[in-house]
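# Summary of structural features
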Amino acid sequence: QVRLVESGGDLVQPGGSLRLSCAASGFTFSRYTMSWYRQAPGKERELVATITSAGGSTNYADSVKGRFTISRDNAKNTMYLQMNSLKLEDTAVYYCNAKWFHFDYWGQGTQVTVSS
């Protein structure tokens, strides 16, 4: 059974940091391109960051460049998102996505709230 389980979401003050994790099971994690998406209330889901299967290449949304870092540990079947200098507008549910050819899996999401 395929599972993607996000964790690490929390309430944090502006300027703070969080580290999200996505634990994968039920598929060959190392084959998949992994991404973080987020969805704020009343808005469409947006791509935050992507990392290739071996971790050799990453891409970021302009809104998070320089503040967020995506990484993965294929030995642990886990992906991470280090989020620094958090802003109010980073408040959203963050989702983990795994993609390989037509295979496309999603986690249930973890809530990140940035508030003073």
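Details of the structure are given in the entry above.
My aim in this report is to walk through the structure given alongside it, one point at a time.

What counts, and at which threshold
Residues numbered from 1 in each chain as written. Predicted model: local features only at pLDDT ≥ 70, side-chain atom pairs only at ≥ 80, totals over all residues. Heavy atoms only, no water. Helix = DSSP H or I, 4+ residues; strand = E, 2+ residues; numbered from the N terminus. Rg over C-alpha atoms; globule rule 2.2 N^0.38 Å. Contact = heavy atoms within 4.5 Å. Areas by Shrake-Rupley, 256 points an atom, 1.4 Å probe, with all protein chains shown as cover. Disulfide = S-S within 2.5 Å. Buried < 20%, exposed > 50% of the residue type's maximum accessible area, 1.4 Å probe, protein only. Pairing = 2+ DSSP bridges. Axes fitted to C-alpha atoms, helices over the stretch in contact; angles between N-to-C directions. Core = buried A, V, L, I, M, F, W, Y, C linked by side-chain atoms within 4.5 Å.

## Focus on the overall build of the protein
The number of helices and strands found in the protein is 0 helices and 11 strands. Element order for the protein, N to C, with α for helix and β for strand: β-β-β-β-β-β-β-β-β-β-β. Scaling as 2.2 N^0.38, a compact globule of 116 residues should have a C-alpha radius of gyration of about 13 Å, and the protein matches this with 13 Å. Here the C-alpha coordinates of the protein stretch approximately 40 × 25 × 25 Å along the principal axes. A separation of at least 24 residues holds for 53% of the contacts in the protein among residues at least 6 apart in sequence. If you sum the accessible surface of the protein, you get close to 6200 Å²; carbon and sulfur atoms cover 46% of it.

## Here's the deal with the state of the cysteines
On inspection of all chains with the given rule, the structure shows 1 disulfide. Here Cys-22 engages in a disulfide with Cys-96; their sulfurs sit 1.9 Å apart. Classification of the bridge connecting Cys-22 and Cys-96 rests on its S-S torsion, roughly -65°, and on that basis the disulfide is left-handed. Of this pair, Cys-22 sits in strand β3 (residues 18-25) while Cys-96 is found in strand β9 (residues 92-100), placing the two residues 74 residues apart along the sequence. For the pair formed by Cys-22 and Cys-96, the shared burial category is buried.

## Things to note about the sheet that holds strand β1 (residues 3-7)
The antiparallel open sheet is built from 4 strands, whose spatial order is β1-β3-β8-β7. Each end of this open sheet is capped by a strand with a single partner; those strands are β1 and β7 (68-73). This sheet shows a mean twist of 15° between the axes of neighbouring strands, independent of strand direction. Across 6 bridges, β7 lies against strand β8 (residues 78-83) in antiparallel orientation. Bridge pairing links Phe-68 to Met-83 in β8.

## Some points on the nonpolar core
Within the largest apolar cluster, 30 residues are counted, with the highest numbers of intra-cluster contacts made by Leu-4, Met-34, Trp-36, Met-79, Leu-81, Met-83 and Tyr-94. Those residues in contact with Met-34 that sit more than four places away from it in its chain are Leu-4, Cys-22, Phe-29, Ala-49, Thr-50, Ile-51, Ile-70, Arg-72, Met-79, Cys-96, Asn-97 and Ala-98.

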